[in-house]
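Here is what each chain is made of, one letter per residue.
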Amino acid sequence: TDAHFTCYTGGILVAGVSNSHLFNCHTTGVITGVVTVGGLAGGCWVETLVDFCSSTSVVSGSGDTGGLIGNNGNSTISNSHYNGTVTGVEWTGGLVGFNSGYSVITNCSSSGSVEGYFGTGGLIGINMSSTVSDCHNTSDVTGLSEIGGLVGRQYYSTVSNSYNSGTVSGESSV
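It should be emphasised that the depicted structure is a prediction, and the values quoted were computed from it without experimental measurement.

**Details of the pairing of strand S7 (residues 41-45)**
- Most of S7 sits out of view: 4 of its 5 residues are buried.
- Direction of pairing for S7 relative to strand S12 (residues 69-73): parallel, over a ladder of 4 bridges. Its bridge partner lying in S12, Gly43 is registered against Asn71.

**So, the sheet that holds strand S26 (residues 158-160)**
- Pairing is parallel across the open sheet formed by 6 strands, whose spatial order is S4-S8-S13-S17-S21-S26. In the strand order of this sheet, the two ends are held by strand S4 (21-23) and S26, each with one partner. Across the sheet, the axes of successive neighbouring strands diverge by a mean angle of 5°, strand direction being ignored.
- Alignment of strand S17 (residues 104-106) against strand S21 (residues 131-133), held across 3 bridges, turns out to be parallel. Its bridge partner being in S21, Val104 is matched across the sheet by Thr131.

Cut-offs applied
Residues numbered from 1 in each chain as written. Predicted model: local features only at pLDDT ≥ 70, side-chain atom pairs only at ≥ 80, totals over all residues. Heavy atoms only, no water. Buried < 20%, exposed > 50% of the residue type's maximum accessible area, 1.4 Å probe, protein only. Helix = DSSP H or I, 4+ residues; strand = E, 2+ residues; numbered from the N terminus. Pairing = 2+ DSSP bridges. Axes fitted to C-alpha atoms, helices over the stretch in contact; angles between N-to-C directions.

Structure follows, in C-alpha cells:
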C-alpha cells in the first residue's frame, strides 16, 4: 500500500483490527492523525498477530503514534520492522506508540527518526504489562521528557535481549 491519509484515528492499511492476522504486509506513504495513528494499523487489539510486516511511512499524530502500530493491546508483533519518520506529542514510538495488555513484541526493529514530547521511545513510547525480546532500535530519538532508546516509559513489563544504537536526547528522564 502507498497512500497519503489525514484522519482522526487510523493506519495506512487498516484503522483498527481485532482477532486477526496481518502477515507479510508493507506500507509506504504519509499518514497524519490525532490519536491511535500507525504506519500499518492504528490499533491492534485482542489476540491479533502482526508477523513479517513493515512500513517506510511518514507518521504523525498527537497520542498513541507509532511507525507500525499506534496502539497495541493484548496482541503479538513479530519479525516486523519500521524505517521512517515518526512525530507525536505523547506515547510516540518508532514501532508502537502505546503497547499494553500482555502484548508480546519479538524480533522487531526500528530505524529512522522518532520525535515526541512525552513518553517517546525508539521502539515503543509506553510499554505496560507486556514483554519485549530480541528487538533493536537504530533510530535517533528526541523529545522533552521520558525519552528512551528502546522505551520511553515502562510499567510492569519485561525487556530482554534487546538494544539501542541510536542517538537519544531530551530534557528530563532521558
